[in-house]
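# Per-entry structural report
The primary structure of each chain is shown beneath.
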Amino acid sequence: GALTGTGIKIWDNDVSKIHTGTSVGQVISYGTVQSTREDRVRYDTPTFMGARLAVSSGTGGTGDVGAFYANKFGAFDVDGRIGYRTISGIDTTYDDMIGGSLAVGHTSGLNASFAMGKVDFKATGRDSSTFVGGQLGYTAKIFGVGPTGFAADYYQQKDLNANDWKGESWGLGAQQSFADIGSDVFIGYRNFSFSAPASAGVDPDDVNLVIAGIRVAF
(Lines give C-alpha, C1' and ligand atoms only; values in the text may rest on other atoms or scores of the structure.)
Protein backbone atom coordinates (compact mmCIF):
# COMPACT_ATOMS: atom_id res chain seq x y z
CA GLY A 1 0.00 0.00 0.00
CA ALA A 2 0.87 3.64 -0.22
CA LEU A 3 2.68 5.59 2.48
CA THR A 4 0.57 7.69 4.85
CA GLY A 5 0.16 11.26 3.56
CA THR A 6 0.37 10.51 -0.15
CA GLY A 7 -2.92 12.29 -0.83
CA ILE A 8 -1.47 15.69 0.16
CA LYS A 9 -0.93 18.20 -2.66
CA ILE A 10 2.65 19.38 -3.35
CA TRP A 11 3.14 23.15 -3.22
CA ASP A 12 5.38 25.23 -5.43
CA ASN A 13 8.16 26.82 -3.36
CA ASP A 14 8.04 30.21 -5.06
CA VAL A 15 6.65 33.62 -4.13
CA SER A 16 3.06 32.76 -5.07
CA LYS A 17 3.08 29.53 -3.04
CA ILE A 18 0.49 27.81 -5.24
CA HIS A 19 0.07 24.05 -5.31
CA THR A 20 1.49 22.20 -8.29
CA GLY A 21 -1.61 20.15 -9.02
CA THR A 22 0.41 17.04 -8.20
CA SER A 23 -0.11 14.94 -5.07
CA VAL A 24 2.59 13.20 -3.05
CA GLY A 25 1.27 9.79 -4.13
CA GLN A 26 1.68 10.63 -7.81
CA VAL A 27 5.46 11.00 -7.28
CA ILE A 28 6.18 8.37 -4.63
CA SER A 29 3.82 5.58 -3.66
CA TYR A 30 5.95 2.75 -2.27
CA GLY A 31 5.96 1.06 -5.62
CA THR A 32 2.16 0.65 -5.77
CA VAL A 33 0.57 2.14 -8.88
CA GLN A 34 -2.29 -0.13 -9.82
CA SER A 35 -4.96 -2.14 -8.04
CA THR A 36 -7.40 -4.17 -10.09
CA ARG A 37 -10.00 -6.83 -9.52
CA GLU A 38 -10.74 -9.37 -12.20
CA ASP A 39 -11.73 -13.01 -12.44
CA ARG A 40 -8.68 -15.25 -12.34
CA VAL A 41 -7.44 -18.77 -12.01
CA ARG A 42 -4.54 -19.28 -9.60
CA TYR A 43 -2.34 -22.18 -8.56
CA ASP A 44 -0.04 -22.26 -5.52
CA THR A 45 2.58 -24.98 -5.29
CA PRO A 46 3.16 -26.88 -2.05
CA THR A 47 5.78 -25.33 0.21
CA PHE A 48 9.16 -27.04 -0.01
CA MET A 49 11.92 -26.10 2.43
CA GLY A 50 10.23 -22.74 2.99
CA ALA A 51 9.73 -21.89 -0.68
CA ARG A 52 6.62 -21.88 -2.87
CA LEU A 53 5.46 -20.48 -6.22
CA ALA A 54 2.15 -18.98 -7.31
CA VAL A 55 0.94 -18.38 -10.88
CA SER A 56 -2.35 -16.95 -12.10
CA SER A 57 -4.13 -15.88 -15.26
CA GLY A 58 -6.94 -13.33 -15.31
CA THR A 59 -9.55 -11.94 -17.64
CA GLY A 60 -8.29 -9.55 -20.29
CA GLY A 61 -4.92 -11.26 -20.56
CA THR A 62 -3.51 -10.35 -17.15
CA GLY A 63 -0.97 -12.67 -15.60
CA ASP A 64 1.01 -13.00 -12.39
CA VAL A 65 3.87 -15.11 -11.13
CA GLY A 66 5.35 -14.92 -7.66
CA ALA A 67 7.98 -16.69 -5.58
CA PHE A 68 7.89 -16.74 -1.78
CA TYR A 69 10.40 -17.92 0.80
CA ALA A 70 10.17 -17.96 4.59
CA ASN A 71 12.46 -19.85 6.94
CA LYS A 72 14.29 -19.68 10.26
CA PHE A 73 18.04 -19.93 10.66
CA GLY A 74 19.03 -20.06 14.30
CA ALA A 75 18.20 -16.64 15.76
CA PHE A 76 17.14 -15.22 12.38
CA ASP A 77 13.77 -15.25 10.63
CA VAL A 78 13.96 -14.62 6.88
CA ASP A 79 11.07 -13.72 4.57
CA GLY A 80 11.65 -12.95 0.89
CA ARG A 81 9.37 -12.61 -2.12
CA ILE A 82 9.42 -11.47 -5.73
CA GLY A 83 6.61 -11.06 -8.21
CA TYR A 84 5.87 -10.08 -11.79
CA ARG A 85 2.56 -8.90 -13.23
CA THR A 86 1.36 -7.90 -16.68
CA ILE A 87 -1.81 -5.80 -16.93
CA SER A 88 -1.39 -4.47 -20.45
CA GLY A 89 -4.64 -6.12 -21.58
CA ILE A 90 -6.86 -4.24 -19.12
CA ASP A 91 -5.06 -0.94 -18.49
CA THR A 92 -4.38 2.02 -20.75
CA THR A 93 -1.43 3.41 -18.76
CA TYR A 94 0.64 0.54 -17.37
CA ASP A 95 2.23 -2.38 -19.18
CA ASP A 96 3.83 -4.58 -16.53
CA MET A 97 5.60 -4.43 -13.18
CA ILE A 98 8.08 -6.41 -11.13
CA GLY A 99 9.07 -6.08 -7.50
CA GLY A 100 10.61 -7.90 -4.60
CA SER A 101 11.40 -7.59 -0.91
CA LEU A 102 13.50 -9.22 1.78
CA ALA A 103 12.93 -8.98 5.54
CA VAL A 104 15.13 -10.34 8.32
CA GLY A 105 14.31 -10.42 12.02
CA HIS A 106 16.54 -11.38 14.95
CA THR A 107 15.49 -12.74 18.34
CA SER A 108 17.19 -9.71 19.94
CA GLY A 109 14.41 -7.52 18.51
CA LEU A 110 16.46 -6.07 15.66
CA ASN A 111 14.88 -6.28 12.20
CA ALA A 112 15.46 -4.91 8.71
CA SER A 113 13.74 -4.98 5.35
CA PHE A 114 14.58 -3.97 1.79
CA ALA A 115 12.35 -3.63 -1.28
CA MET A 116 12.71 -2.56 -4.89
CA GLY A 117 10.68 -2.65 -8.07
CA LYS A 118 10.03 -1.34 -11.56
CA VAL A 119 6.92 -0.31 -13.50
CA ASP A 120 6.76 -0.07 -17.30
CA PHE A 121 4.41 2.29 -19.11
CA LYS A 122 2.65 1.98 -22.46
CA ALA A 123 3.27 5.55 -23.62
CA THR A 124 6.08 6.10 -26.11
CA GLY A 125 9.02 7.93 -24.57
CA ARG A 126 8.04 7.19 -20.96
CA ASP A 127 10.89 5.98 -18.77
CA SER A 128 10.22 3.08 -16.43
CA SER A 129 9.47 4.08 -12.87
CA THR A 130 11.90 2.54 -10.36
CA PHE A 131 11.45 2.21 -6.63
CA VAL A 132 13.83 1.31 -3.79
CA GLY A 133 13.45 1.49 -0.04
CA GLY A 134 14.29 -0.04 3.29
CA GLN A 135 13.54 -0.02 6.99
CA LEU A 136 15.42 -0.66 10.23
CA GLY A 137 13.55 -1.50 13.40
CA TYR A 138 13.97 -2.62 16.98
CA THR A 139 11.44 -4.18 19.33
CA ALA A 140 12.33 -3.77 22.99
CA LYS A 141 10.85 -4.95 26.29
CA ILE A 142 11.02 -1.73 28.26
CA PHE A 143 7.69 -1.80 30.06
CA GLY A 144 5.75 -4.71 31.47
CA VAL A 145 2.57 -3.74 29.60
CA GLY A 146 3.89 -4.93 26.22
CA PRO A 147 6.64 -4.52 23.61
CA THR A 148 7.92 -1.13 22.46
CA GLY A 149 8.85 -0.76 18.81
CA PHE A 150 11.07 1.77 17.04
CA ALA A 151 11.58 2.13 13.28
CA ALA A 152 13.34 4.31 10.70
CA ASP A 153 12.87 4.05 6.95
CA TYR A 154 13.84 5.58 3.61
CA TYR A 155 12.10 5.30 0.21
CA GLN A 156 12.86 6.69 -3.24
CA GLN A 157 10.90 6.59 -6.48
CA LYS A 158 11.73 7.98 -9.92
CA ASP A 159 9.67 8.81 -13.04
CA LEU A 160 6.29 7.76 -11.64
CA ASN A 161 4.08 10.67 -12.69
CA ALA A 162 6.38 11.91 -15.49
CA ASN A 163 9.96 11.57 -16.71
CA ASP A 164 12.67 13.10 -14.51
CA TRP A 165 10.48 13.56 -11.44
CA LYS A 166 11.91 12.09 -8.23
CA GLY A 167 10.41 11.60 -4.80
CA GLU A 168 12.18 10.72 -1.56
CA SER A 169 10.77 9.99 1.87
CA TRP A 170 12.20 9.18 5.27
CA GLY A 171 10.43 8.57 8.52
CA LEU A 172 10.81 7.79 12.21
CA GLY A 173 8.26 6.12 14.42
CA ALA A 174 7.62 4.52 17.81
CA GLN A 175 4.83 2.29 19.08
CA GLN A 176 3.92 1.06 22.54
CA SER A 177 1.71 -2.02 22.82
CA PHE A 178 -0.64 -2.76 25.72
CA ALA A 179 -1.07 -6.51 25.43
CA ASP A 180 -3.73 -6.98 28.12
CA ILE A 181 -6.21 -4.64 26.42
CA GLY A 182 -5.20 -5.24 22.80
CA SER A 183 -4.19 -1.63 22.14
CA ASP A 184 -1.26 0.30 20.69
CA VAL A 185 -0.18 3.93 21.03
CA PHE A 186 1.97 5.26 18.20
CA ILE A 187 3.66 8.43 17.01
CA GLY A 188 5.66 9.12 13.85
CA TYR A 189 7.26 11.77 11.68
CA ARG A 190 7.69 11.65 7.88
CA ASN A 191 9.38 13.97 5.39
CA PHE A 192 8.71 13.95 1.64
CA SER A 193 11.04 15.81 -0.73
CA PHE A 194 10.85 16.14 -4.50
CA SER A 195 12.78 17.21 -7.56
CA ALA A 196 11.19 18.13 -10.88
CA PRO A 197 12.64 18.70 -14.37
CA ALA A 198 13.12 22.29 -15.56
CA SER A 199 10.34 21.76 -18.09
CA ALA A 200 7.82 21.39 -15.25
CA GLY A 201 8.39 25.01 -14.21
CA VAL A 202 7.96 24.29 -10.50
CA ASP A 203 10.15 24.09 -7.42
CA PRO A 204 8.36 21.50 -5.26
CA ASP A 205 8.33 22.23 -1.53
CA ASP A 206 8.84 19.50 1.08
CA VAL A 207 5.88 17.92 2.82
CA ASN A 208 6.25 17.17 6.54
CA LEU A 209 3.83 14.96 8.40
CA VAL A 210 3.38 14.16 12.10
CA ILE A 211 0.96 11.40 13.02
CA ALA A 212 -0.12 10.03 16.39
CA GLY A 213 -2.93 7.79 17.49
CA ILE A 214 -4.34 4.87 19.43
CA ARG A 215 -5.31 1.58 17.84
CA VAL A 216 -7.75 -0.70 19.66
CA ALA A 217 -8.40 -4.30 18.57
CA PHE A 218 -11.78 -5.89 19.37
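What comes next is a walk through the structure. All chains use their own residue numbering, which begins from 1 and follows the written sequence. Per-residue local features of the predicted model are confined to residues with pLDDT of at least 70, and side-chain atom pairs are confined, for both listing and counting, to 80 or more; whole-chain, interface and lining totals are unaffected and use all residues. To get the side-chain values, all heavy atoms of the structure are used, and hydrogens and water are removed first.

Moving on, we come to the packing of aromatic side chains. Ring pairs shown here join Phe, Tyr and Trp side chains whose ring centres sit within 6.5 Å, with only the six-membered ring taken for Trp; geometry is labelled stacked below 30 degrees between planes, edge-to-face above 60, and tilted in between. Per the stated rule, a full pass over the model turns up three aromatic pairs. Ring centres of Tyr94 and Phe121 lie 5.5 Å apart, and the angle between their planes is 40 degrees; this geometry places the pair in the tilted category. Of the two residues, Tyr94 is situated in strand β7 (residues 94-106) and Phe121 in strand β8 (residues 110-121); the sequence distance between them amounts to 27 residues. In terms of burial, Tyr94 and Phe121 fall into one category: buried. Our definition puts a charge over a ring when NZ of Lys or CZ of Arg is within 6 Å of the ring centre and also within 35 degrees of the ring normal. Sitting over the ring of Phe68, Arg52 keeps its end group 4.2 Å from the ring centre. Against the face of Phe121 rests Arg126, its NZ or CZ located 3.9 Å from the ring centre. The secondary structure listing takes helices from DSSP runs of H or I that are at least 4 residues long and strands from runs of E that are at least 2 residues long, numbered from the N terminus. Burial classification: accessible surface area is computed with a 1.4 Å probe over protein chains only, and a residue below 20% of its type maximum counts as buried, one above 50% as exposed, and the rest as partly exposed.

What follows is about the sheet that holds strand β11 (residues 166-178). By the convention used here, strands pair only if DSSP detects at least 2 bridges between them. Taken together, eleven strands build an open sheet; the order of strands is β3-β4-β5-β6-β7-β8-β9-β10-β11-β12-β13 and the sheet is antiparallel. Edge strands, defined here as strands with exactly one partner in the open sheet, are β3 (40-44) and β13 (207-216). For this sheet, the mean inter-axis angle between neighbouring strands, taken without regard to orientation, is 10 degrees. Relative to strand β6 (residues 76-86), strand β5 (residues 63-73) runs antiparallel, the two being bridged by eleven bridges. In the strand pairing of β6, Gly63 is matched with Thr86. Interaxial angle, 0 to 180 degrees, is taken between N-to-C directions of lines fitted to C-alpha atoms, where a helix line uses only the stretch in contact.

So, about a nonpolar patch on the surface. Without a salt bridge and with relative accessible area above 30%, a residue can belong to a patch; like charges are then joined within 9 Å and nonpolar side chains (Val, Leu, Ile, Met, Phe, Trp, Tyr) within 5 Å. Per-residue and other accessible areas follow the Shrake-Rupley method at a 1.4 Å probe size, with only the shown protein chains counted as cover for residues. For this document, the term salt bridge refers to a Lys or Arg side-chain nitrogen within 4 Å of an Asp or Glu carboxyl oxygen. Residues Tyr43, Val55, Val65, Ile82, Tyr84 and Ile98 make up a contiguous nonpolar surface patch of roughly 530 Å² in combined accessible area. Within the secondary structure, Tyr84 is located in strand β6. Of the residues examined, Tyr84 reaches a relative accessible area of 33% and is grouped as partly exposed.

Residues belong to one nonpolar core when they are buried, are Ala, Val, Leu, Ile, Met, Phe, Trp, Tyr or Cys, and are joined through side-chain atoms within 4.5 Å. Of all hydrophobic cores here, the largest spans eleven residues; its members are Ile10, Val24, Val27, Ile28, Ala115, Phe131, Tyr155, Trp165, Phe192, Phe194 and Val207. Elements with a minimum of two residues in this core: α1 (24-27) and β12 (183-195). Sequence-distant contacts of Phe194, defined by excluding residues within four places in its chain, comprise Ile10, Val24, Val27, Ile28, Lys166, Gly167, Pro204, Asp205, Asp206 and Val207. Note on definitions: a residue-residue contact is assigned when non-hydrogen atoms from the two residues lie within 4.5 Å.

Not every positive phi belongs to a glycine, and Asp159 is a case in point at roughly 60 degrees. Tracing the chain through its elements places Asp159 in the loop between β10 (146-158) and β11. Of note, Asp164 is a non-glycine position whose phi angle comes to about 70 degrees, a positive value. In this structure, Asp164 sits in the loop between β10 and β11.

On inspection of all chains with the given rule, the structure shows nine salt bridges. Between Asp44 and Arg42 there is a salt bridge; the shortest N-O distance is 2.6 Å. Residue Asp44 is classed as partly exposed on the basis of its relative accessible area of 32%. We note a salt bridge from Asp77 to Lys72, for which the minimum N-O separation is 3.7 Å. Of the residues examined, Asp77 reaches a relative accessible area of 40% and is grouped as partly exposed. On the basis of relative accessible area, Lys72 is assigned to the partly exposed category, the value being 46%. By sharing partners, the salt bridges in this structure join Arg40, Asp64 and Arg85 into a single network.

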